[in-house]
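Descriptive structure summary
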Amino acid sequence: MHARPRGLARVSLRVPTVIESFLGNLPPSVLSTFTDLETQHDLFGEALQDSAILTDHKKVREISMKRAAIEPVVLASRRFKAAAREIEQLESAIKANADPDFVAMAREELPQLRAAAAQALAAAVSTLVTADDRKVGSVIVEVRAGTGGDEAALWARDLVDVYQKNAARRGWSCEVLEHSADAAGGLRSATLNIKGEGVWSEMAFEAGVHSVKRVPATETMGRIHTSTATVAVLPEPEEVDVKIDWANDVEEAATRSQGPGGQNVNKVESAWQIHHKPSGIIIKMMEAKSQQQNRERARRLLMTRLHEFERQRQHADRSAARKVQIRGGERSDKIRTYRWKEGIIADERLPGEYQLRDLLAGDMSKIVKDLLDSETAKRLAEL
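Worth saying up front: this structure is predicted, and the values here are computed from it rather than measured. (Residues numbered from 1 in each chain as written. Predicted model: local features only at pLDDT ≥ 70, side-chain atom pairs only at ≥ 80, totals over all residues. Heavy atoms only, no water.)

With that settled, the discussion passes to the sheet that holds strand E6 (residues 250-255). Taking strand neighbours across the sheet as the criterion, the 3 strands line up as E6-E7-E8 in an open arrangement whose pairing is antiparallel. Each edge of the open sheet is held by one strand with a lone partner, namely E6 and strand E8 (281-285). Here the strands of the sheet are splayed against their neighbours by 10° on average, with no regard to which way each runs. Of the strand pairs in this sheet, E6 and strand E7 (residues 271-276) are connected by 6 bridges, and their pairing is antiparallel. Directly across from Ala254, in E7, lies its bridge partner Trp272. (Pairing = 2+ DSSP bridges. Helix = DSSP H or I, 4+ residues; strand = E, 2+ residues; numbered from the N terminus. Axes fitted to C-alpha atoms, helices over the stretch in contact; angles between N-to-C directions.)

Over its 22 residues, helix H6 (residues 149-170) runs 32 Å from end to end, which matches the ideal 32 Å to within 8%, given 1.5 Å per residue. Within two residues after H6, Gly171 carries a phi angle of roughly 80°, on the positive side. (Expected span 1.5 Å × (residues − 1).)

For the pair helix H2 (residues 29-47) and helix H5 (residues 100-135), interaxial distance at closest approach is 11 Å and the crossing angle is 60°. Between H2 and H5, the interaxial angle falls into the category oblique. Relative to H5, H2 is oriented so that their crossing is left-handed. Counting all contacts with H2, which are made through Val30, Thr33, Phe34, Leu37 and Gln40, the residues of H5 involved are Leu121, Ala124, Val125, Leu128 and Lys135. When grouped by side-chain class, the residues that make up the contact of H2 with H5 number 7 nonpolar, 2 polar and 1 charged. (Parallel < 35°, antiparallel > 145°, perpendicular 65-115°, else oblique. Left-handed = near helix turned anticlockwise from the far one by under 90°. Contact = heavy atoms within 4.5 Å. Nonpolar A, V, L, I, M, F, W, Y, C, P; charged D, E, K, R; others polar.)

Below you can see the structure in the form of structure tokens.
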């Protein structure tokens, strides 16, 4: 006897199904969520077979990333349901069969099936709580020098290097949208666009104040200084998420770039400036040599900032989310401390310590895994 998917939503108070018996303290809505995600997964698969969609590489990438984000949940959910159906069939057969040898064999097999079902359910629930995060495949990362003068700017540059190396290791694309250099060779600020599977669920942990304790290059007495850099991580929205009246609410104009690059950079109007009048946001983009590229980047950055602005307005309890991420940039606001002399990293959200050399090489896998495990445990407790 097979448990029918439609029957899963009707929880029987008298004779619970095998599937429901595994839920324990989990809400019954978990089952309907699994079913919804399985349907979405199938629809995404059908869309990727559609010839009209296959000609649009951007659309194919977006659908593929969304499908990949929920696939671990779907596969684990289907393994759980399959094992539960086998358990139900065996239990029914034991009741109906008088053959003692068959009954003994079936009873020997049941513990293994129950263990497999429990393991699959745990995996499905664990990946479920991060599935929405994994759907976001593009983020805007803003790094700014905090307290510490020139050393803070050098530290901001080092963090940008770490994120670029990590993106290369993960197979993500990383594009510098804008940056402001410091006279000492550091960065006062930089804005990156990082794209790839799982980028939001991993990079979101970087939001906050990063504190470094080391001897600055400019320090003649060998004293250790503490400097900070602030990091904000924002999900880049799809165009449908933000409505902009480009004709009436936005002023756009070509302008001349400023800074190093020769007379051509300063004379040719390759930079692009956008002023969004309702919000007061002004963006000037001049990193690319092409005016068209600068215009496209400026528009994307405006959409991202307006998306965050709207998100804060709609969710009062999470208003000023960006400010919470970076707070005041003070040393006491840190989420992570990098101790150069000892070669270790201490994250305020985790109990252990991590190797500094690994992170500087762009290998963030260990600390990200522990942060993901901790966050998953918190979300599971809230179910």
